[in-house]
Every structure is written in structure tokens, then in C-alpha cells.
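Below, each chain spelled out in residue letters.
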Amino acid sequence: MEIDKIIHEPARLRIMMILSGVDEVDFSFLLSTLEMTKGNLSSHMDRLEQAGYVEIFKNFNGKIPHTVYRLTKTGKTALSKYWKSIDEIRKSI
Amino acid sequence: MTNSLNKKAVQSKDIKEIPKWTRKYAQNRTLTILVLMAMVMLFGLFVAVLVGFPLALAVIGFRKGNMILGCVGIAVLVAVLVAIVKFMIIFLSKFGGKNRGLIDQLIELRIYGKEGTTSISLPKITKKMRGLDYILGAIGLIYIVEVNHLCMVGYITFKYQQPLMALFFVPAFVFEYFFLQRPKVGHLVLLWPILYAIHAILILAGVPIFFTGNLGILNMPVPLIGYAFLAYMIVHLYSRYALKKLKRITHLEGDTTDGD
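Residues numbered from 1 in each chain as written. Chains lettered and ligands numbered in written order. Predicted model: local features only at pLDDT ≥ 70, side-chain atom pairs only at ≥ 80, totals over all residues. Heavy atoms only, no water.

Next up on the list: the pairing of strand 2 (residues 54–61) of chain A. Residue and element names in this part refer to chain A. As judged from the eight bridges shared by strand 2 and strand 3 (residues 64–71), these two strands associate in the antiparallel manner. Bridge assignment links Glu 55 to a residue of strand 3, and that residue is Arg 70. Hairpin connection between strand 2 and strand 3: a loop of two residues separates the two successive antiparallel strands, and Gly 62 in this loop has a positive phi of roughly 70°. (Pairing = 2+ DSSP bridges. Helix = DSSP H or I, 4+ residues; strand = E, 2+ residues; numbered from the N terminus.)

Rendered as C-alpha cells:
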């Protein structure tokens, strides 16, 4: 049984789980909820985007840049597969 | 080893709750509505004072035969009404039509700017549902005006004003919630029609929780706005609880947080 290493990283797992609960989440929400630095969060989001798990939408709130994230279908599938693998591993121990 | 496995199992059980608490938080962020409600109430009071003062001045002037005072009252009243209409035109040109909802966004940004935003889309509303919503609004408006009118002329006693209002508002709100707002808004907002219905039942059971005499006119707005305010305040507090819970679960204890 193989575990998705992109999702298995604790911070990314939490990000994916937050995104799976709602339709969209912005950068500030993830930043304040996960209490991470901007740089760390950005690099995690880049990894998730590269994997095709997350979609990024950039717009402006007045003059302030506003970045919104959404979980893709691939991301949803990967996340449910991840939990399936984790549960199976736990059962087998 | 067993302890570590147990700890991991508990941790993953908690992590599985992240979507639930994120959702609960997003569905119950009602501070924007509370602020909007307060703004509308304050604006209503402000307009009432602005209109009421010159109107009272004019009535007193004409009653006492003081034409100058009466005319000054009328002139001020006209000026106030022109200013209100002008303000409404400017306000609607900025926040009405295509910009509908912009004021909510601006308030939300001010309140939740640092906290960030999460959102759940509104349900897909069919044309039939939208039409039904408009029809319900029109019926509601006629019903409210007529019930108030019948109370004013004495056909209905003030005691039954709120229960009669509940006959429309409670099912209308439940319809709005289940067909037009869910799942964007959480179940807790149903507290409002529940409290409003309980108030009506208590009145019918003989509990004297209604206004009479000159204050009878308050039977419509006070329970309506009061329970809405109370319900949305409870919903808002619940969203704070959900966020606290979410932060506790998502807190990374000594885990690596870089992107590699």
C-alpha cells in the first residue's frame, strides 16, 4: 500500500482537509488558521498546485491582491485515496 | 510503540474532523449580517428623527396658528426628504443593480480581513424557485401592510399582531432557508423562526408579551428584529467556537511546516 507523500506531509494534509470542507478558502484564512509563515504556506500551495490537487484564483479586493484556493477533482480523489490507505495500514498493524 | 500508534490514531481522528469544523465556521459567519442589521436600524432611526422633528414642528406651528413656524417646519421637511431621496439615489447607484452585494463584501472585508474568508456556494436556484421567491416577497409585503392596517383601525387587537405575522414569517423563512440558502448557511439560523414561533405560541397561550396602546406599532418590528439579532448573535458565537476548535485541530506541534 502506497501513501501519497504530497498529502502525507502534516501541513499539506491539514490544508487539503480544510479545502475539502468548503468550496473555497483564501490565503489569509489558511495563514491565520494554520499559523504558518507566508513563505511556508506559499510553497505548500505551490506543491499542491503542481500536483494538480488545488486550483488557484488570483484577483483583487480593491487594490489588495486576493488569492483563493479550491480543491480540484483530482485533489478530492487523492485525499479520499489517502485516507483509505491510512485506514488500511492501521487495520493491518 | 502502542502509545505512539494510539496517539497517531487519535490525531488522525481529529484531523478527519477538519472539514466538519471548517464548514461549520464558514456556514455560521454572521457578523456581517449583524452589522448590516445594526446599520439599517441606525439609518432607520436617523431618518425617523430627521423626518419626525420638522414634521412635529409643522404640526405644532399650524395647530397653534403660528404660520411661520408651520411653514419653516414644512420647508425643513421638504429639504430633508429631498436630501434622503438624493442620498438613496447615490447609494443605489453605488451599491445597487450590478453592484448588489458589494456593501456586504466591504463590511466582510473590514470585519474578517485579517481572519480571511472561506465560502460555500449558494445552492443552484432554478428560475421557478427564484420566481417563487419574488411571489413570496410580494405576498409578504401585502400581508404585512394589511395586518398592520387592520391592527391600526382596530379590526385585530394588538395581541394577535405578532402571531399573525408568525403565520407568514415562520414558513417563509423556512422556505428561504431550505430552498435558497442551504448549504451556504448552517442550520442554527433556524433559531430565528423557532424563537419567533415560540413567542407567538406564548401570546396565544395568554402570556402578555406584546405591546398595547400607542406602543402597539412595535409588535411587528421588535420581536422580528429582536429575535433575528439574538439568533444571529448565537450563530456568530458558534462560528467563533468552530474556529477555535479548528485552530486546535490544525495546530502543528513540532511538525515540519516548510514546503519541501
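That shown, we press on.
Moving on: the nonpolar core. The biggest cluster of nonpolar side chains holds 40 residues, and the ones touching the most others in it are Leu 30, Leu 41, Met 45 and Val 54 of chain A. Counting residues per element, the ones that place at least two in this core are helix 2 (10–21), helix 3 (27–34), helix 4 (38–50), strand 3 and helix 5 (73–92) of chain A together with helix 2 (18–27) and helix 9 (221–250) of chain B. With seven residues, helix 2 of chain A is the single largest residue contributor to this core. Ignoring sequence-local partners within four residues, the contact set of Val 54 of chain A consists of Met 16, Leu 19, Met 45, Leu 48, Glu 49, Tyr 69, Arg 70, Leu 71 and Thr 72 of chain A. Counting residues in each nonpolar core, the second largest holds 27 residues, with Met 37, Ala 172, Ala 231 and Tyr 232 of chain B among its members. (Core = buried A, V, L, I, M, F, W, Y, C linked by side-chain atoms within 4.5 Å. Buried < 20%, exposed > 50% of the residue type's maximum accessible area, 1.4 Å probe, protein only. Contact = heavy atoms within 4.5 Å.)

To continue, consider the interface of chain B and chain A. Of the residues lining the interface, 35 residues belong to chain B; the matching set on chain A comes to 32 residues. In total, about 2,800 Å² of surface goes out of reach between chain B and chain A, with carbon and sulfur atoms giving 57% of it. One salt bridge in this structure joins Asp 87 of chain A and Lys 16 of chain B, with 3.0 Å as the shortest N-O distance. Taken together, chain B and chain A are joined by eight residue pairs in polar contact (both at pLDDT 80 or more). Contributing elements (two or more residues each) for the side of chain B that touches chain A: helix 1 (2–15), helix 2, strand 1 (118–119) and helix 9 of chain B. No other element matches helix 2 of chain B, which puts six residues into the side of chain B that touches chain A. (Buried area = accessible area lost by both parts, 1.4 Å probe. Salt bridge = Lys/Arg side-chain N within 4 Å of Asp/Glu carboxyl O. Polar contact = N/O pair within 3.5 Å; in protein donor to acceptor, adjacent residues only side chain to side chain.)

As a further point, take the environment of Ile 6 of chain A. Residue and element names in this part refer to chain A. Its location among the elements puts Ile 6 in helix 1 (residues 5–8). Take Ile 6: its relative accessible area is 22%, and that puts it in the partly exposed class. The sequence separation of Ile 6 and Glu 55 amounts to 49 residues, and the corresponding C-alpha distance is 16 Å.

It is worth spelling out unusual backbone geometry at this point. Residue and element names in this part refer to chain A. For Glu 35, which is not glycine, the phi torsion reads 50° and is therefore positive. Inspection of the secondary structure puts Glu 35 in the loop between helix 3 and helix 4. You can call Glu 35 exposed: its relative accessible area is 53%.

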